[in-house]
Structures are given as C-alpha cells and as structure tokens.
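A closer look at the structure
Chain residues, written in single-letter form:
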Amino acid sequence: MTRDPDDATPLPTAAPGVQLQPAAYEKLHTALRGAIARLAADEPFERLVVPPVISRATIERAGYVASFPHLLGTVHSYTGSAADWRRLAPLVAESGPWHTRQEVSDLVLLPAACYPVYATLTGRDLGEHPARFSVEAQCFRQEATAEAGRLRSFRMAELVTAGTPEHCLGWREGWLRRVADWLETLGLKPSVELADDPFFGGGRRVYQAAQRAQELKFELRVPVADGLVQAIASANIHKDHFGEAFGFTADGGPGHTACTAFGLDRIALALLHTHGPRPADWPDAIGTALNGD
C-alpha cells in the first residue's frame, strides 16, 4: 500500500528511539521552528545552528557527565596502524568484535542544544548587556526505554540568556508563561510542573531537594500518546552554575543563565496525537498558530 503523503506519522527503525520522518512530518517541524522564531522576534537573539557533536572537555566542564553518564553518547574511533586494521577487518564480515581497538575521542554526541554557547561567553561581563542565543541541534541521549516520545536521536530548539540573577529569573518567568500560552494556541493543554531530574551533579537526592527549594526547572507536560504524558518544553534557571564553570560574570559576580527548551519532536508527536496524523486536516486555527497566516 502506498503511504499517504499527508500522513506525518514517523516510521520506526531497527534502533529503538530512532525514527524516520516523512515529508509531512518535516513540514510540521519547519512550521514549529518558524512559530518559535516569531514567538522570540521581540528579543535580540543571536541565531546559531549547533553541530550534533561537542567537545568532551566542554561537556565535562559543564557538569553533564557528573549528572548523566548513563545518557551520554561518546564518539570512539580506531587509533591503531593500517597493519593492525588489516588483521581486524575480517571480523566485520563475521560480526565479530571489530570495535575492541577503538578508543574514546575528544568528541561526544550533543545531549542538549544549549551546551556549546556557554563557553563562548568566557571572560565577558554581561551586567549591562545580557547575552541571548537562539539555538537548534540534533541531539542524542542513550535513553533506556523506547516509549513514544522518549527518543535517543531528537531535535531540540532552545532560547538561552545570560546576565544578572534578576534578569535571568525575570526572563525565565516571562518565557514560562509565554510558552504555556503558545501551546494553548496549538490546541494543547499543558500542565506546568516542577521537575526533579538532576542537572548539576552532586547526587540525585541533593539535587531534588535543591530543585524543590529553588524551583530551577519547570516542565510543560502534555499527552504524546494514549495514556502517556511527557514534557514537551521547559523553562529553566541555572543560577551561577555555568558562569562559574566557564568564567563569565555579570556586575562583577558570576554570571547567571536561563533557558527555554522546546522538544521539537515531542511537540510534533503531541500535535499528531491531539489532532490526528494528517496536518492538512487540522483545524484552521491550528494552521494559523503554526504558520502565522
């Protein structure tokens, strides 16, 4: 049977959490990116498209490895001689352990779109002029489950700011409201919940207590499949974590940062679950919210 060209339902692959995305799904992604750009048009964000890999040293410095070693995908490569490889090569045809001579490289797979930007701020003072970035990337996390929406390879867009504590806190609060309202225009009904996943290391229990006390991360959660609710966006405050790690300041003290993250694939899946697999059949109001018509 020929696939309906207007059907945006992703196709599974042999690898759990990795999907093929048909043209109608990619068109939906394009619309989402455009809608987010319009949502952010009143702020002077510097637009960056981020590679799918990042320096391992940067991720270690950012604290991600201390919190999520089980999710991080590393890049390994062969470092032996040509003669050694000739001895190993026959193992490929035999499905043998051809990879045992590979070693971890200086790169890891990017776990979130925002991480590369913090190192660009080293040495700057952002007290008078906060930094703002709009970033997008193909990301990877070695998720242990294959439930709908919990992808290992996924696309993420983020809006990031760095500056004083007051700036970052006010910015995060404003964007939390703005994103919730925007999702409502898409026919989604997000619940706003305080998240308790570890971010900065130091142990899960330590972080959860700090998270509840300081309200560092709020998630916007909606159904992405029958009986399955997931976070499709979040609004986060990192305090001075990245300012300390990467050496930037605001008014003489360590710089603070905040970000708003959009899980593009999860938003797309939530829309397909709510409105059906054919975006061409969705209500006109949804098309207007997506495309700005």
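Structure: see above.
Chains are numbered independently. Their residues run from 1 in the order of the written sequence. Residue-level local features of this predicted model are given only where pLDDT is at least 70; pairs of side-chain atoms are given and counted only at 80 or more, and the full residue set underlies all totals for whole chains, interfaces and linings. Side-chain metrics in this entry use all non-hydrogen atoms of the structure; hydrogen atoms and water are not considered.

1. Concerning the overall build of the protein chain
What counts is decided by this rule: Secondary structure elements are defined from DSSP: runs of H or I of at least 4 residues count as helices, runs of E of at least 2 residues count as strands, and each element is numbered from the N terminus. In this description the radius of gyration comes from C-alpha coordinates, and the expected globular size is given by 2.2 Å times residues to the power 0.38. Throughout, exposure labels follow a simple rule: accessible area from a 1.4 Å probe, protein chains only, divided by the maximum for the residue type, with under 20% read as buried, over 50% as exposed, and the rest as partly exposed. Here the accessible surface of atoms and residues is derived via Shrake-Rupley with a 1.4 Å probe, and residues count as covered only by protein chains that are part of the display. Only four residue types enter the charge count, namely Lys and Arg as positive and Asp and Glu as negative; His and the chain termini do not. For this purpose, a charge sits on NZ of Lys, CZ of Arg, CG of Asp or CD of Glu.
A tally of regular secondary structure across the protein chain gives 11 helices and 14 strands. Since a compact globule built from 293 residues should have a radius of gyration of about 19 Å, the 21 Å found for the protein chain is in line with a globular shape. Here the C-alpha coordinates of the protein chain stretch approximately 60 × 60 × 35 Å along the principal axes. Residues counted as buried form 47% of the 293 residues belonging to the protein chain. Summed over its atoms, the accessible surface of the protein chain is roughly 14200 Å², and 55% of this surface lies on carbon and sulfur atoms. Of the charged side chains in the protein chain, 28 are positive and 35 negative, and the gap between their average positions amounts to 4 Å.

2. A look at a negative patch on the surface
Going by this rule: Residues enter patches when they are more than 30% accessible in relative terms and free of salt bridges; like-charged ones are connected within 9 Å and nonpolar ones (Val, Leu, Ile, Met, Phe, Trp, Tyr) within 5 Å. Any Lys or Arg side-chain nitrogen found within 4 Å of a carboxyl oxygen on Asp or Glu counts as a salt bridge.
On the surface, Asp125, Glu128, Glu166 and Asp251 cluster together into a negatively charged patch. Here Asp125 is to be found in the loop between helix 6 (115-118) and strand 7 (131-140). Taking the relative accessible area as the measure of exposure, Asp125 reaches 43% and is therefore partly exposed.

3. Side note on helix 11 (residues 284-291)
Using the following cut-off: The directions from the helix axis to the C-beta atoms form the arc being described. Two residues qualify as a contact provided that any one of their heavy atoms is within 4.5 Å of a heavy atom in the partner residue.
When we look at burial in helix 11, the residues that qualify are Ile286, Ala289 and Leu290. What you see down the axis of helix 11 is that its buried residues fit within an arc of 95°, all on one side. Facing away from the buried surface of helix 11 by more than 90 degrees, the exposed residues are Asp284 and Ala285. On its buried face, helix 11 is in contact with helix 1 (23-39), helix 7 (165-185) and helix 10 (264-275). Once helix 11 finishes, Gly292 follows within two positions and takes phi at roughly 70°, a positive value.

4. Some thoughts on the sheet that holds strand 6 (residues 102-109)
Selection rule: One bridge is not enough; two strands pair if DSSP finds at least two bridges between them. The axes used here are C-alpha line fits, helices contributing only the stretch in contact, and every angle between their N-to-C directions lies in the interval 0 to 180 degrees.
In space, the 3 strands of this open sheet follow the order 4-6-5, with antiparallel pairing throughout. Because the sheet does not close on itself, it has two edges, and the strands there are strand 4 (53-55) and strand 5 (74-78). Going from strand to strand, the sheet's axes swing by 60° on average, the running direction of each strand aside. Judged from the 4 bridges that link them, strand 5 and strand 6 form a sheet pairing that is antiparallel. Residue His76 lies in a different strand from strand 6, and its bridge partner there is Val104.

5. Re the nonpolar core
Inside soluble globular proteins, nonpolar side chains tend to come together where they are buried. This is how it is decided: In this description, a nonpolar core means a group of buried Ala, Val, Leu, Ile, Met, Phe, Trp, Tyr and Cys residues linked to one another through side-chain atoms lying within 4.5 Å.
Counting 46 residues, the largest nonpolar core has Leu32, Trp175, Trp182, Leu186, Phe262, Leu271 and Leu290 as the members making the most contacts within it. For this core, the elements supplying multiple residues, two or more each, are helix 1, strand 8 (153-163), helix 7, strand 10 (217-225), strand 11 (228-239), strand 14 (256-263), helix 10 and helix 11. Contacts of Leu32, omitting those with residues within four sequence positions, involve Trp182, Leu186, Leu264, Ile267, Ala268, Leu271 and Leu290. Val135, Leu151, Phe154 and Ala162 belong to the second-largest nonpolar core, a separate cluster that totals 33 residues.

6. As for helix 10
How we decide: Every helix has an expected span of 1.5 Å times one less than the residues it contains.
Counted at 1.5 Å a residue, the expected span for helix 10 with its 12 residues is 16 Å, and the 16 Å between its end C-alpha atoms agrees. For helix 10, the tally of buried residues reaches 9 of 12 residues, placing the bulk of the element in the interior. Those residues of helix 10 not exposed but buried are Leu264, Asp265, Arg266, Ile267, Ala268, Leu269, Ala270, Leu271 and Leu272. A positive phi of about 105° marks Gly276, the residue just after helix 10.

7. Section: the pattern of salt bridges
A full pass over the atoms with the stated rule returns 17 salt bridges. Across the pair Arg33 and Glu136 runs a salt bridge whose closest N-O atoms are separated by 3.6 Å. Residue Arg33 is located in helix 1, and its partner Glu136 is located in strand 7; the two are separated by 103 residues in the primary sequence. Residue classification places Arg33 among the partly exposed positions, given a relative accessible area of 24%. Its relative accessible area of 12% is what places Glu136 among the buried residues. Bridged by salt links that share partners, the residues Glu26, Arg33, Arg47, Glu136 and Arg155 form one connected network.

8. A word on the environment of Arg3
Note the threshold: Residues adjacent in sequence count toward polar contacts only when both atoms are side-chain atoms; beyond that, a polar contact is any pair of N or O atoms within 3.5 Å, and within protein one must be able to donate a hydrogen and the other to accept it.
The topology assignment puts Arg3 in the segment before strand 1 (11-12). Sequence-wise, Arg3 and Gly63 are 60 residues apart; in three dimensions their C-alpha atoms are separated by 44 Å. With residues up to four places along the chain from it excluded, the contact list for Arg3 reads Ala8, Thr9, Leu11 and Pro22. A polar side-chain atom of Arg3 sits 2.3 Å from the main-chain carbonyl oxygen of Thr9.

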